[in-house]
Amino acid sequence: MRALTSEELRKTKPDRETFQALPRNPIAVVVDNFTSGFNVGAVFRAADAFLVGRVYLCGTTPVPPKRRIAKTSRGTERWVPWEARPDAAEVARELRAQGHQIIAVELADRSAPPWGVDYRFPVCFVVGDEMAGVSQRVLDEADAAVAIPMLGMGNSMNVASALSIVLYEASLRLRPGAEIRRLRLQKGMSLRELGEKSGVSYSTICEIERGRRHPSHKTLRRILAVLRG
Ligand SMILES: C[S@@+](CC[C@H](N)C(=O)[O-])C[C@H]1O[C@@H](n2cnc3c(N)ncnc32)[C@H](O)[C@@H]1O
């Protein structure tokens, strides 16, 4: 095995016009009062990877162009639609009125783990201030909160790392069939083999992969435990 070079990776990308015409995912990210430009850049890089629809940089959050943002964004702020807004709570209210589910990415007293949230699309994830976290006014607007369990001695993760984990889990729900098929083929596993190992029937997996059936949390967890194991 060898790592692909950036030249090889670039060849897999569409040209600029084709890319800009592609539909983006029905996911918004609201940044609530960051102080670090490095974190803003890392949020852009994650948002680009998961084709986030729009990033809202709210309150005190530094906005491009800034050297610190560019250092960690690797230029992705050129591709991800974004806007600066004075108040995250106001954006959350506005998006909620447009039909978004509002999820605070926060270690809150009633947070669920990323695999335990029933995501509804379009969804809006709010990430918080590096010190104070998501503000209470925004938490009051949220339908739910999601937190990555902290198994070590640290109280919290870097905010962009936490967001990336949540975006990955949510994007699996968006097209779970395609992702299951990709992982299964990568492992060289047949439908029947995956069925036997996960305890989910062959026909159910077949229907999920074809997008004809949406898996429950429990089924998805069982299938992913085999494919990620
Ligand atoms: C460093 S944390 C905030 C610190 C935390 N409120 C405290 O007092 O220790 C900054 C942001 O990162 C995100 N974050 C960090 N760890 C997280 C985790 N385990 N699960 C979900 N979000 C997390 C949240 O959005 C949070 O608002």
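Residues numbered from 1 in each chain as written. Predicted model: local features only at pLDDT ≥ 70, side-chain atom pairs only at ≥ 80, totals over all residues. Heavy atoms only, no water.

1. What about the packing of aromatic side chains?
Summed over the entire model, instances satisfying the criterion amount to 4 aromatic pairs. Taking the centre distance of 6.0 Å and the plane angle of 90° together, the rings of F19 and W79 count as edge-to-face. Of the two residues, F19 sits in helix α2 (residues 16-21) while W79 sits in the loop between α4 (67-73) and β3 (82-85), which places them 60 residues apart along the sequence. Of note, R192 hangs over the ring of Y202, and the distance from its end group to the ring centre comes to 4.4 Å. (Phe/Tyr/Trp six-rings, centres within 6.5 Å; stacked < 30°, edge-to-face > 60°. Helix = DSSP H or I, 4+ residues; strand = E, 2+ residues; numbered from the N terminus. Lys NZ or Arg CZ within 6 Å of the ring centre and 35° of its normal.)

2. As for the site of the ligand
Taken together, 18 residues are adjacent to the ligand, and V105, E106, G128, I148 and M157 come closest. E106 has a polar side-chain atom sitting 2.6 Å from an oxygen atom of the ligand. In this structure, I148 approaches the ligand through a main-chain N or O atom, which is 2.9 Å from a nitrogen atom. For the ligand, whose free accessible area comes to 580 Å², the fraction covered by protein is 82%. Listing elements by their share of the shell around the ligand, those giving two or more residues are β5 (123-128) and α7 (159-174). Across the shell around the ligand, the residue classes break down as 12 nonpolar, 3 polar and 3 charged. (Near = heavy atom within 4 Å. Polar contact = N/O pair within 3.5 Å; in protein donor to acceptor, adjacent residues only side chain to side chain. Areas by Shrake-Rupley, 256 points an atom, 1.4 Å probe, with all protein chains shown as cover. Nonpolar A, V, L, I, M, F, W, Y, C, P; charged D, E, K, R; others polar.)

3. Description of the domain arrangement of the protein
According to the domain assignment, the protein consists of domain 1 (6-174) and domain 2 (176-227). Inter-centroid distance (C-alpha atoms) of domain 1 to domain 2 is 28 Å. Facing the 8 residues of domain 1 at the interface are 7 residues of domain 2. Roughly 650 Å² of surface becomes buried between domain 1 and domain 2 when both sides are summed, with 60% attributable to carbon and sulfur atoms. Of all residues in domain 1, W115, L172 and R173 bury the most surface against domain 2, accounting for 73% of the area lost on that side. Counting across the domain 1 and domain 2 interface gives 0 salt bridges. Here domain 1 is connected to domain 2 by 1 residue pair in polar contact (both at pLDDT 80 or more). For the side of domain 1 that touches domain 2, the residue count by class is 5 nonpolar, 1 polar and 2 charged. (Domains from an automatic or database assignment. Contact = heavy atoms within 4.5 Å. Buried area = accessible area lost by both parts, 1.4 Å probe. Salt bridge = Lys/Arg side-chain N within 4 Å of Asp/Glu carboxyl O.)

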